[in-house]
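Structure at a glance
Here is how the chains run, residue by residue.
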Amino acid sequence: MSKQRHLTVLGATGTIGVNTLDVVARHPEKFKIVALTANCQVEKLYRQCLQFEPEYAVMLNPDSAGELRHRLRQSGRGTEVLSGVEALEQVAALPQVDSVMAAIVGAAGLRPALAAAQSGKRVLLANKETLVMSGALFMDAVRRHGAELLPIDSEHNAIFQSLPRNFSSDLSENGVRRILLTASGGPFRTVPLSDLENVTPQQACAHPNWVMGKKISVDSATMMNKGLEVIEAHWLFNTAPEQIEVVIHPQSVIHSMVEYADGSVLAQLGNPDMRTPIAYALSYPERIDAGVTPLDLFKIARLDFEKPDFQRFPCLNLAYQALRRGGTAPAVLNAANEVAVAAFLEEKIPFKAIPAIIEKVLADITTRAAESLPDVLSADESARRAAQSMVEAL
Ligand code: NAD
Ligand code: MG
């Protein structure tokens, strides 16, 4: 039997975190939780601590951390409770931890994910924003510190599964021609364009196939999610933007494909359930039960494919543009998107203002080479400030 893996789960209370703990709980002999982290959901993290008895629990918010510490002491638990960004980095780098699930949402996930890579962990990367903001730096940290990077995003996990096992990060050497990145098209794939003006956050978060956090759900509705994933694929698989084609596939059964020079196309299929890629990465290269319902092809009956409509989904185009521009442009795109999505969720701006704000921020901000973390963080900060003032001006 393979050795027991010792895990930190960053973003334990989120959709990916909860799915990760579901898989872990099915295999107590294979996995041990060393640290769990969350932003401010005390009750949820408290219950997870009772169940998994980690050595550490981290809450970003100090008041939430105080409350959790108090409650765990009252229940006689020995979990040490910490708070703040440094504590997130600390539990991502603990010597007794070998695998880190990076499942914090947004730019906040960057520093802890980077800490995991810099300490040579197996990094299970769900936080795509890390690669979008700092792809060159992050991939460099992975290589230099001997970390092992396994993608959790279902598409990238599918691509990883469809590439040769010892993929050397040069597509042509491996006979790969293209990556076909599938996308569901989200909840607004077929609504009349004129109706997009008035869609609500609730409608935007009602994804047809996946249950996800609010931010990524809105990203799926604008298809910025696919744009971020194009950038993510570029860094993970060393792929030029022209070699990544987005294919709308409304059933979300094929999670992505790899096209080879001989005409073969390899795909990974499955029910849309994040426990599949999570289980794959947790126990790689071994396959374990993930609790996922087997795929019933007779029930699915058909698989459809369409070209994406860039007029309906301008965010997809903005992401390709940012990737081609390079440097800090993707970090700017990401930050403007986070601010615009948060404002839409708070009903401060209409849905269609999301791409408009991002486009304007990208046009207004001078981007430069992303050579260090401060370069990336300062681009992130100026883009946030610019986007915020546009939100307030609307
Ligand atoms: P979520 O909103 O459900 O959960 C986010 C988690 O991050 C929570 O535990 C929250 O407490 C924590 N968090 C939020 N802000 C934080 C901060 N400032 N500092 C520290 N922790 C913070 O999100 P999710 O849907 O689980 O997505 C997590 C990440 O995984 C995102 O980057 C998303 O793009 C990616 N992802 C998610 C899915 C999915 O199916 N949900 C699929 C692919 C990729
Ligand atoms: Mg995805």
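Residues numbered from 1 in each chain as written. Chains lettered and ligands numbered in written order. Predicted model: local features only at pLDDT ≥ 70, side-chain atom pairs only at ≥ 80, totals over all residues. Heavy atoms only, no water.

Notes on the coordination of the magnesium ion (ligand 2)
Distances from the magnesium ion (ligand 2) to its protein donors, Asp 153 (OD), Glu 155 (OE) and Glu 229 (OE), fall at 2.1 Å. For the magnesium ion (ligand 2), the donor residues sit on a single chain with the sequence spacing D-x1-E-x73-E. Here Glu 229 lies in helix α10 (residues 224-237) and Glu 155 lies in helix α7 (residues 154-162), a separation of 74 residues in the sequence. For Glu 155, a relative accessible area of 8% translates into the label buried. Taking the relative accessible area as the measure of exposure, Glu 229 reaches 1% and is therefore buried. (Donors = N, O, S within 2.8 Å, 3.2 Å for Na, K, Ca; no water. Helix = DSSP H or I, 4+ residues; strand = E, 2+ residues; numbered from the N terminus. Buried < 20%, exposed > 50% of the residue type's maximum accessible area, 1.4 Å probe, protein only.)

Re the site of ligand 1
Taken together, 23 residues lie near ligand 1, and Thr 13, Thr 15, Asn 39, Glu 129 and Gly 213 sit nearest. A distance of 2.9 Å is found between an oxygen atom of ligand 1 and a backbone nitrogen or oxygen belonging to Thr 15. Note that an oxygen atom of ligand 1 is positioned 3.0 Å from one of the backbone N or O atoms of Ile 16. In isolation ligand 1 offers 830 Å² of accessible surface; the protein chains occlude 88% of this area. (Near = heavy atom within 4 Å. Polar contact = N/O pair within 3.5 Å; in protein donor to acceptor, adjacent residues only side chain to side chain. Areas by Shrake-Rupley, 256 points an atom, 1.4 Å probe, with all protein chains shown as cover.)

Details of unusual backbone geometry
The residue after Tyr 284, namely Pro 285, is reached through a cis peptide bond having omega 5°. Positioned with a positive phi, Glu 53 is a non-glycine residue whose angle comes to about 45°. One non-glycine residue, Ser 252, adopts positive backbone phi at about 50°. By the secondary structure assignment, Ser 252 is in the loop between β9 (244-248) and β10 (254-260).

Some thoughts on the domain arrangement of the protein
Segmenting the protein into domains produces domain 1 (5-151), domain 2 (155-272 + 296-313) and domain 3 (326-394). Opposite the 10 residues of domain 1 that make contact, domain 3 presents 12 residues. Taken together, both faces of the contact between domain 1 and domain 3 bury some 820 Å²; the carbon and sulfur share is 73%. Ranking the residues of domain 1 by area buried against domain 3 places Val 132, Met 133 and Leu 137 at the top, with a combined share of 57%. For the pair domain 1 and domain 3, the interface holds 0 salt bridges. There are 1 residue pair in polar contact (both at pLDDT 80 or more) connecting domain 1 and domain 3. (Domains from an automatic or database assignment. Contact = heavy atoms within 4.5 Å. Buried area = accessible area lost by both parts, 1.4 Å probe. Salt bridge = Lys/Arg side-chain N within 4 Å of Asp/Glu carboxyl O.)

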